[in-house]
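# Per-entry structural report
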Amino acid sequence: MTIDRRSVLGAGAGAVGTMLLPGSASAAPDRLAPYRTSYKYPKLILGGSGIPGSFDEKAVDCPFVFSANGKFYLTYVGFDGTGYQTGICESTNLVDWTRKGVILTRDPSDPITRFNIACASILRENELQSPARLVKVGGRYVAAWHAYPNAGYEEGAAVIGLAWSDDLFHWERGPVILRAEDGAEWERGGLYKPYLVKIGDTFHLYYNAKTTGRPWKEQTGLAISKDLKSWTRHPASPLIRNGAEGAPDFRFASDPVVVSHRGQWGMFYFGLAKDGYARDLFAFGASPTRFTKADEVLIDVGPPGSIDEKFAHKPAVIHHDGALYHFYCAVSGKWPNDVRGLAVARSKPW
């Protein structure tokens, strides 16, 4: 029997256990105030299309949000039962989204992307309260993607690469830049979501990866480059390690989103706990390579029957009209018949 990442996230979810919640004695409300989004929108803002044969028929996952051309855009991966492909939608208010089609499609003739290609981030402003406008390199947009070698839901050891575009809708895929087998022991099982940031003259590619064997663990590391071609894994990796047995990131410390704010750094990420729930978490950064975890769950799972009763994970953030919006993947129901879609919370009431 094959056990994939979705089944690990879907099986065995139980009681909340010993999670640290907002308002607990160990929370740091003052430091976390700029990053906290306590008000959830009660409905999914995007779900599987349900259209037979469409790239996102079964589910949508992995949001990434930004602004361009006077509008908001959200890229996401769609699952059709075979694998991932990447789509884009647009909005004027960050709640109502219109699908605009596929921007990265799998290529049956290519051994790397014949089943999957998931765009995880596009280079953008990374200041927390910026409009999250895209940043061009050499006059073009640059995105980071990952691709799994086998059919199914995140099957096999994925690789990471870059893609280039002039208009956001048509992308040219570049070569693989990171492979699991070239990395350290903590990442030999495969690579996951890459998040691309430019700091000074250096590109920082944050990503999570897993160990070999089962059950595996996931942690978050970093590779750096001056030219987007030659990449070096940072010796501080993994930057975010798994917590102790009772911690919310005991199994996974995954899907990094790195921001700057008033001279400091922060990393949104999600954790998978021993209880089987996935929640969005946060770590403070004294630098872009040194982070300390906050003792608070930023986005917790909801009550039974809610859109995120199982998982509230895979963060994406944008600031607009005096509020921080925190997008995430919400999952309800029981695997393999769970409902997986995109949700949003923000820092002020709806």
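The following refers to the structure shown. This is a predicted model, so every value here is computed, not measured.

### Observations concerning the pairing of strand β12 (residues 218–225)
- Among the 8 residues in β12, 7 count as buried, and that is most of the element.
- Sheet topology note: the strand β11 (residues 202–210)/β12 ladder contains 8 bridges and is antiparallel. Looking across to β12, one finds that H204 is bridged to I224.
- Alignment of β12 against strand β13 (residues 232–233), held across 2 bridges, turns out to be antiparallel. Bridging across to β13, A223 finds its partner in R233.

### Brief notes about the side chain of D61
- Within the secondary structure, D61 sits in strand β2 (residues 59–68).
- At a separation of 2.5 Å, a polar atom in the side chain of D61 contacts the side chain of Y153.
- A distance of 3.1 Å separates the side chain of D61 from the side chain of R340, its partner in a polar contact.
- Beyond its immediate chain neighbours, meaning those up to four positions away, D61 contacts Y76, V77, Y84, Y153, K314, C329, R340 and L342.

### A closer look at the sheet that holds strand β9 (residues 171–178)
- Spatially, β6-β7-β8-β9 is the arrangement adopted by the 4 strands of the open sheet, whose pairing is antiparallel. Each edge of the sheet is formed by a strand with only one pairing partner; in this case those strands are β6 (118–122) and β9. Averaged over all pairs of adjacent strands, the angle between strand axes in this sheet comes to 30°, irrespective of strand direction.
- Across 5 bridges, strand β8 (residues 159–165) lies against β9 in antiparallel orientation.

### A word on the packing of aromatic side chains
- This model, assessed by the stated rule, comprises 20 aromatic pairs.
- For the pair W97 and F327, a centre-to-centre distance of 6.0 Å together with 80° between the ring planes defines the contact as edge-to-face. A residue pair is termed long-range when its members are at least 10 positions apart, and W97 in the loop between β4 (84–91) and β5 (98–104) and F327 in strand β19 (residues 323–332) qualify at 230 residues.
- Residue classification places F327 among the buried residues on the basis of a relative accessible area of 0%.
- Members of the aromatic cluster, joined through ring pairs, are F64, F66, Y73, F169 and Y195.

Parameters and conventions
- Residues numbered from 1 in each chain as written.
- Predicted model: local features only at pLDDT ≥ 70, side-chain atom pairs only at ≥ 80, totals over all residues.
- Heavy atoms only, no water.
- Buried < 20%, exposed > 50% of the residue type's maximum accessible area, 1.4 Å probe, protein only.
- Helix = DSSP H or I, 4+ residues; strand = E, 2+ residues; numbered from the N terminus.
- Pairing = 2+ DSSP bridges.
- Polar contact = N/O pair within 3.5 Å; in protein donor to acceptor, adjacent residues only side chain to side chain.
- Contact = heavy atoms within 4.5 Å.
- Axes fitted to C-alpha atoms, helices over the stretch in contact; angles between N-to-C directions.
- Phe/Tyr/Trp six-rings, centres within 6.5 Å; stacked < 30°, edge-to-face > 60°.

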